[in-house]
Amino acid sequence: MVKLLCEKNFCESVWCKQILSGISASLKKKRISYIEITESKNLNPEKDDSIFLVGSNDKWINDKVNKCNFAGVVPIVVCNQHGRTCTGEYHCVTVDIENAMGQLYSYMQSTG
């Protein structure tokens with residue numbers, strides 16, 4: 001089972017909605033079942049789970065990574081910063097916001 005858990009304070013952001021939309025679209029395309037979890041108390045990682053943690057707060061991410069590791073799961077952390085200070089074993093996908101903002105600025109400048 002693929003589980004998607006989003007940090008409560010990050011869930012309503014445009015960034016988070018786009019990230020979750022992309023992940024869920026990819027899973028649907030590959031016909032992989034998944035569940036979106038809104039509260040970490042429902043995470044309950046199991047050995048065969050694939051877990052995506054989507055957030056921006058290091059403390060929140062560390063807590064969830066450690067909970068997954070304790071259950072024998074190595075989660076995939078999707079976050080908005082490179083070079084996190086997280087502990088534990090995890091895979092990480094980051095969004096290059098600085099580059100994205102630079103490209104947006106260049107585009108807006110070119111259109112006047």
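Since the structure is predicted, the reported quantities are computational estimates derived from the model, not experimental observations.

> Looking at this model, I keep getting lost on a nonpolar patch on the surface. Mind explaining?
Residues Trp15, Met101, Leu104, Tyr107 and Met108 make up a contiguous nonpolar surface patch of roughly 520 Å² in combined accessible area. No other element matches the 4 residues that helix 3 (residues 97-110) contributes to the nonpolar patch. Along the chain, Met108 falls in helix 3.

> Which parts of the structure should I look at to understand the pattern of salt bridges?
For side chains of opposite charge, pairing can occur when their charged atoms come near one another. Considering all chains together, one arrives at 3 salt bridges under this definition. In this structure, Lys3 and Asp49 form a salt bridge, with 3.0 Å as the shortest nitrogen-oxygen distance. Of this pair, Lys3 sits in strand 1 (residues 2-6) while Asp49 sits in the loop between strand 2 (34-37) and strand 3 (50-55), placing them 46 residues apart in sequence. Exposure class is identical for Lys3 and Asp49. Each is buried. Between Lys64 and Asp63 there is a salt bridge, and its shortest N-O distance comes to 2.5 Å. Classification of Lys64 by relative accessible area gives buried; the value is 6%.

> Please clarify how the sheet that holds strand 3 should be interpreted in this entry.
Adjacent strands of a sheet form backbone hydrogen bonds with each other and so pair up, either parallel or antiparallel. Within the open sheet, the 5 strands sit side by side as 2-1-3-4-5. Their pairing is parallel. Each having just a single partner strand, strand 2 and strand 5 (91-94) make up the two edges of the open sheet. If you compare each strand with its neighbour and ignore which way they point, the axes differ by 20 degrees on average. Sheet topology note: the strand 1/strand 2 ladder contains 4 bridges and is parallel. Among the inter-strand pairings, Val2 is bridged to a residue of strand 2, identified as Tyr34. Contacts between helix 1 (residues 14-29) and the sheet are confined to strand 1, strand 2, strand 3 and strand 4 (76-79), with strand 1 contributing the most and set at about 175 degrees to the helix. Packing of helix 2 (residues 58-70) onto the sheet brings it into contact with strand 1, strand 3 and strand 4, and relative to strand 3 it is tilted by some 170 degrees.

Definitions and limits used
- Residues numbered from 1 in each chain as written.
- Predicted model: local features only at pLDDT ≥ 70, side-chain atom pairs only at ≥ 80, totals over all residues.
- Heavy atoms only, no water.
- Patch = residues over 30% accessible without salt bridge, like charges linked within 9 Å, V, L, I, M, F, W, Y side chains within 5 Å.
- Areas by Shrake-Rupley, 256 points an atom, 1.4 Å probe, with all protein chains shown as cover.
- Salt bridge = Lys/Arg side-chain N within 4 Å of Asp/Glu carboxyl O.
- Helix = DSSP H or I, 4+ residues; strand = E, 2+ residues; numbered from the N terminus.
- Buried < 20%, exposed > 50% of the residue type's maximum accessible area, 1.4 Å probe, protein only.
- Pairing = 2+ DSSP bridges.
- Axes fitted to C-alpha atoms, helices over the stretch in contact; angles between N-to-C directions.
- Contact = heavy atoms within 4.5 Å.

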